[in-house]
Structures are given as C-alpha cells and as structure tokens.
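Fold and contact review
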Amino acid sequence: MLIANWLNLKDSLWALVLPYLLNPFYAFILVSYYRSLPYELNEAATVDGANDIRIFFRVIWPISLPVIATVALFYALQYWNDWYLSLLFIDNYKLHPLQMMIRQLMSNLNAMAYVAGSRTEYNIVVPTYGMQLAIVCITIGPIVFVYPFVQKYFIKGMTLGSVKG
C-alpha cells in the first residue's frame with residue numbers, strides 16, 4: 001500500500017528495488033564481520049597518518065571483499081528469483097522481470113494442459129515436464145555463470161583467518 005499509493009511507484013522499477021534495499025540479515029552479516037576485524041589495523045593506519053576515510057578504503061575495504069562478495073551474491077539471487085513484487089506492483093507487462101514472465105508461461109502451460117486433458121476432441125500433448133526443465137535451465141544459467149567469478153572471494157574469505165605456518 002505504501003509503495004503503490006503513497007510513494008506513487010506503481011509500474012516503475014523502483015517498486016521492485018526499494019522493498020529489498022536494506023535486508024536486516026545482510027546488514028547483520030556485515031556488522032558482525034566488521035566487528036570481528038582487529039582494532040590494531042585501525043590503530044596502525046592512524047599512527048601512519050591516515051584519516052578515517054583512507055583507513056576504510058585502503059585497509060578495511062580490501063580485507064572485507066569476501067563478505068561484500070557474499071552479500072552481493074545474496075542480493076543478486078534475491079533480485080533474480082523475485083517475481084512476487086512484480087506481481088503486486090507492476091501492471092505493465094513490458095516492465096516484468098524474467099521470473100514473472102516464466103511464471104506466466106508456466107501458468108499458461110498448466111492451463112493448456114488442463115484444458116487439453118479435459119477435452120477428448122483435442123489431440124494435443126503438452127510437454128509440461130520438458131518445458132519445466134527448460135525453464136529451470138534458463139533460470140539457473142546466469143547464476144551458474146556468475147558464481148565462478150565470485151567463488152575466489154569465498155575461498156579467500158575461508159582462508160583469511162586460518163593459521164599460517
């Protein structure tokens with residue numbers, strides 16, 4: 001109601017972006033990671049003459065790339081798999097995301113299979129399982145292509161705190 005009536009964001013892409021902009025779970029992940037960083041890094045940079053902005057971008061940011069990559073991947077998956085917000089707030093079919101189009105395709109396919117199954121004069125065989133498998137491949141494809149580029153940050157994050165000998 002807030003998005004559609006008060007903010008006048010119906011049929012805009014902001015209606016899809018704003019509700020998921022701040023996720024408390026992802027904020028908790030980031031805050032807990034930043035709290036686990038040793039304060040000695042900040043002290044050493046301050047002794048070297050760096051201000052707070054320089055400390056963040058030169059010291060903290062490079063060592064927090066694993067958690068930033070993780071949260072970015074979570075956000076990407078959240079936006080990629082979302083069809084519910086477009087069902088609620090987008091009436092213009094040209095603005096529908098891919099997941100909403102896939103949902104409509106599956107709905108139409110199931111309705112066609114139901115109608116063809118109830119009438120015997122139609123000799124239509126609807127390939128519902130083949131279509132579902134093709135849709136799963138289309139849906140998961142981009143994530144499979146993006147994951148190898150983000151995986152190096154996960155590996156770096158797992159070995160960042162390990163004991164080196």
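Our subject is the structure listed above.
Residues numbered from 1 in each chain as written. Predicted model: local features only at pLDDT ≥ 70, side-chain atom pairs only at ≥ 80, totals over all residues. Heavy atoms only, no water.

Turning our eyes to something else, we now look at the packing of aromatic side chains. The full count for this structure, using the stated rule, is eleven aromatic pairs. An angle of 85° between the planes, with centres 6.0 Å apart, marks the rings of Trp83 and Tyr84 as edge-to-face. Under the relative-accessibility criterion, Trp83 is labelled partly exposed at 32%. A residue is classified by how much of its surface remains accessible, and Tyr84, at 44% relative accessible area, is partly exposed. (Phe/Tyr/Trp six-rings, centres within 6.5 Å; stacked < 30°, edge-to-face > 60°. Buried < 20%, exposed > 50% of the residue type's maximum accessible area, 1.4 Å probe, protein only.)

Below, the discussion takes up the environment of Leu77. Tracing the backbone shows Leu77 in helix H6 (residues 65-81). A relative accessible area of 27% places Leu77 in the partly exposed class. A sequence separation of 66 residues divides Leu77 from Ile143, and the C-alpha atoms of the two residues are 7.7 Å apart. (Helix = DSSP H or I, 4+ residues; strand = E, 2+ residues; numbered from the N terminus.)

Turning next to the pattern of salt bridges. Tallied over the full model, the rule gives one salt bridge. With its nearest N and O atoms 3.6 Å apart, the salt bridge here joins Asp91 to Lys10. Here Asp91, found in the loop between helix H7 (84-89) and helix H8 (98-118), pairs with Lys10, found in the loop between helix H1 (2-6) and helix H2 (14-17); they are 81 residues apart in sequence, far enough to count as distant. On the accessibility criterion, Asp91 (53% relative accessible area) is exposed. For Lys10, a relative accessible area of 35% puts it in the partly exposed group. (Salt bridge = Lys/Arg side-chain N within 4 Å of Asp/Glu carboxyl O.)

What follows deals with the nonpolar core. With eleven residues, the main nonpolar core is built from Tyr26, Ile29, Tyr33, Leu37, Ala45, Ala50, Ile55, Ile60, Val67, Val71 and Tyr75. Elements supplying a minimum of two residues to this core: helix H3 (24-36), helix H5 (52-63) and H6. Apart from the residues within four sequence positions on either side, Val71 is in contact with Tyr26, Ile29 and Leu30. Core analysis: the second largest hydrophobic core is formed by six residues, Leu16, Leu85, Phe89 and Ile90 among them. (Core = buried A, V, L, I, M, F, W, Y, C linked by side-chain atoms within 4.5 Å. Contact = heavy atoms within 4.5 Å.)

Over its 17 residues, H6 runs 24 Å from end to end, which matches the ideal 24 Å to within 8%, given 1.5 Å per residue. Burial in H6 covers these residues: Pro66, Val67, Ala69, Val71, Leu73, Tyr75 and Gln78. (Expected span 1.5 Å × (residues − 1).)

Turning next to the packing of helix H4 (residues 39-47) against H5. Contact geometry of H4 with H5 gives a least axis separation of 10 Å together with a crossing angle of 150°. In terms of orientation, H4 and H5 fall into the roughly antiparallel class. Judged by the sense of rotation from one axis to the other, the crossing of H4 with H5 is right-handed. Contacts between H4 and H5 pair Leu41, Asn42, Ala45 and Thr46 from the former with Ile55, Val59 and Ile63 from the latter. Grouping the constituent residues of the contact of H4 with H5 by class yields five nonpolar, two polar and no charged. (Axes fitted to C-alpha atoms, helices over the stretch in contact; angles between N-to-C directions. Parallel < 35°, antiparallel > 145°, perpendicular 65-115°, else oblique. Left-handed = near helix turned anticlockwise from the far one by under 90°. Nonpolar A, V, L, I, M, F, W, Y, C, P; charged D, E, K, R; others polar.)

Quick look at the environment of Ile135 now. Tracing the chain through its elements places Ile135 in helix H9 (residues 128-160). Between the C-alpha atom of Ile135 and that of Leu105, which follows or precedes it by 30 residues, the distance is 9.3 Å. Each residue touching Ile135, except ones within four places of it in the same chain, is listed here: Ile102, Leu105 and Met106.

The next subject is the side chain of Ser64. On the secondary structure map, Ser64 appears in the loop between H5 and H6. Here Ile60 takes part through its backbone oxygen, which lies 3.0 Å from a polar atom of the side chain of Ser64. A polar contact of 3.1 Å, which involves the side chain of Ser64, links it to the backbone oxygen of Trp61. Residues in contact with Ser64, not counting those within four places in the same chain, are Tyr33 and Tyr34. (Polar contact = N/O pair within 3.5 Å; in protein donor to acceptor, adjacent residues only side chain to side chain.)

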